[in-house]
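Working through the structure, step by step
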Amino acid sequence: MPTPVEALRTHLAPIEDLKAAAAVLTWDQETNMPEGGAGARAQQLSTLQSAAHERFVAEETGELLDRAAEALDAPAPLDPDAALVRVTRRDYERAVRVPSSLVAELSKATSQAQQAWKQARAHDDFSRFAPHLERLVDLSVEKAEAIGYEDEPYDALLAEYEPGRTTAEVESLFDTLRDDLVPLVDAIDDASQVDNAILRGTYPQSAQQEFGRAVIEDFGYDFDRGRQDVSAHPFTTAFSPNDVRLTTRYDEKNVASALFSTIHEAGHGLYEQGIDPALDRTPLGEAASLSIHESQARLWENHVSRSRPFWRQYLPQLRETFPNALGDADLEPFYRAINRVEPSLIRVEADEVTYNLHVMLRFELERGLIDGSVSVNKLPERWNAAMDEYLGVVPETDAKGVLQDVHWSQGAFGYFPTYTLGTLTAAQLIETIQDDLSELTKQVADGRFGPLLDWLRTHIHQHGRILEAPDLLDRATGASLSTAPWLRYVRDKFGALYDLSKPRERDRP
Ligand code: ZN
């Protein structure tokens, strides 16, 4: 007789297989599929996803969970059996609370909204998207009501991506951040701008690809258990820790674009490759949350690869790879160019400082949509006003403003804040890592990343979803999430880069 936990595991494994198979199809859709395949692919995905959903919300899952819970003794916090029951119970309760009629309506409304959003963006016409967005907001509120929440409906939506965190907590972190960040961006804007002409030139795609691969292999990304392909929007997906796919896109006129996107995605990929294989084919074999996922990408991208020590090692190699464009590039102007800060309109092109203001603006607006304080028809106006207030730039078109991101057309409310939570998490982790690894700077300058990767494997990657993000971070750094480490990092780095006089405000404790 299998134990109750084994029986639960056996029941869940094929559900995870169905989800992984759907992920393979999605990966293929974004990388290889001819356009003509879209109709058939949508049906195939829908079949696999509903098969997984139906098996998961079946009464059998609830019964197996009850039996497994009864059989557990008082568990240790890191006990994988107890975590399996806890995490599966949470997923199960969320899933069964949403009626299948609502799931179907959301899925239909989302696919219509995405078509409308593409059209609206192409024609710079928000009114084509507005009724669809309104419908998605209504359905999302209905979903939040079905799931339940403590303070406000947005809590229930946020918890999908960031279990263990509340809207109020995000608001408080973002308020602190905004108060310090807006004046910092203003001060940078007033300082003399860094020249980044050095990055422009001609960089053949194949050479960029080879260089990027070599760098992420040095980090420890394992190409025997992973691939890298090209897609319109870079992303990472995993079907198991032994099969992790990265994508990137190339700009032959700018060497920084694909390189940092490759490094960013590799940060996500290293996390996926580092999850304990024993958790595979269970709901625990995934990232703890989106912010933890994003923290891994930001850590490798910003803290490691936009640093001077890193380029001491890699600039000579980059110069050799692109002798025409970069043959005489010096470290200092190159370092400054890749760290240029400039308020701009498009989130995905923003630098690491202003990026967070783009995120805060979206968080405020989508929270307002969900609690009813922002109406869809006022959204473009509110968007532009917030851009002006936070970044001092206003888009001339909605295509470059409120219509730029895909998230809302996918009904993904609650997703945006995870980008900035990830940024804060990365800075908090790296402060702890610098304390633990006194040789880190030298190791990075030597291109030796093993100790850093080992630290991340031990404290973050291997645990999958065994710990919720707040608990995971607490155990890794000894503190709960704070804005202070990131603010210290940007003030030090960009204060020096832009020669800013003493910061106007000190860290809050
Ligand atoms: Zn990312």
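Here we summarise the structure given alongside this text. Note that the structure is a prediction, hence the values are computed from the model and not measured.

Thresholds, definitions, all that
- Residues numbered from 1 in each chain as written.
- Predicted model: local features only at pLDDT ≥ 70, side-chain atom pairs only at ≥ 80, totals over all residues.
- Heavy atoms only, no water.
- Phe/Tyr/Trp six-rings, centres within 6.5 Å; stacked < 30°, edge-to-face > 60°.
- Helix = DSSP H or I, 4+ residues; strand = E, 2+ residues; numbered from the N terminus.
- Donors = N, O, S within 2.8 Å, 3.2 Å for Na, K, Ca; no water.
- Buried < 20%, exposed > 50% of the residue type's maximum accessible area, 1.4 Å probe, protein only.
- Pairing = 2+ DSSP bridges.
- Axes fitted to C-alpha atoms, helices over the stretch in contact; angles between N-to-C directions.
- Contact = heavy atoms within 4.5 Å.
- Salt bridge = Lys/Arg side-chain N within 4 Å of Asp/Glu carboxyl O.

**Describing the packing of aromatic side chains**
- As enumerated under the stated definition, the model contains 22 aromatic pairs in all.
- Pairing Phe310 with Phe449 gives two aromatic rings, centres 6.4 Å apart and planes at 45 degrees, and the pair type is tilted. Pair noted here: Phe310 is in helix α12 (residues 308-321) and Phe449 is in the loop between α18 (440-445) and α19 (450-459), with a separation of 139 residues, a long-range link.
- Aromatic side chains Trp311 and Phe334 sit 4.7 Å apart centroid to centroid with 65 degrees between the ring planes, which places their arrangement in the edge-to-face category.

**Remarks on the coordination of the zinc ion**
- The zinc ion binds to the protein through His264 (NE2), His268 (NE2) and Glu294 (OE), with metal-donor distances spanning 2.1 to 2.2 Å.
- When the donor residues of the zinc ion are listed from N- to C-terminus, their spacing reads H-x3-H-x25-E. Of the two residues, His268 sits in helix α10 (residues 255-274) while Glu294 sits in helix α11 (residues 290-304), which places them 26 residues apart along the sequence.
- The exposure class of His268 is buried, given its relative accessible area of 11%.
- Residue Glu294 is classed as buried on the basis of its relative accessible area, which comes to 5%.

**Here we look at the sheet that holds strand β2 (residues 236-240)**
- Strand order in the open sheet formed by 3 strands is β1-β3-β2, and the pairing between neighbours is mixed. Each edge of the sheet is formed by a strand with only one pairing partner; in this case those strands are β1 (226-230) and β2. Ignoring which end each strand starts from, the neighbouring axes of this sheet average 20 degrees apart.
- The sheet contact formed by β2 and strand β3 (residues 243-248) spans 4 bridges and is antiparallel. Considered in β3, the bridge of Ser240 is made with Asp243.
- Strands β1, β2 and β3 of the sheet are contacted by α10, whose axis makes an angle of about 165 degrees with β3.

**Focus: the pattern of salt bridges**
- With the rule as written, the count across this model stands at 32 salt bridges.
- For the salt bridge of Asp175 with Arg178, the shortest nitrogen-to-oxygen distance reads 3.1 Å. Remark: Arg178 and Asp175 occur in helix α8 (residues 167-190); sequence separation between them is 3 residues, near one turn of the helix.
- The exposure class assigned to Arg178 is buried, which follows from its relative accessible area of 16%.
- With its nearest N and O atoms 2.8 Å apart, the salt bridge here joins Arg306 to Glu301. Exposure class is identical for Arg306 and Glu301. Each is buried.
- Here the residues in one salt-bridge network are Arg90, Asp91 and Arg465, joined through shared partners.

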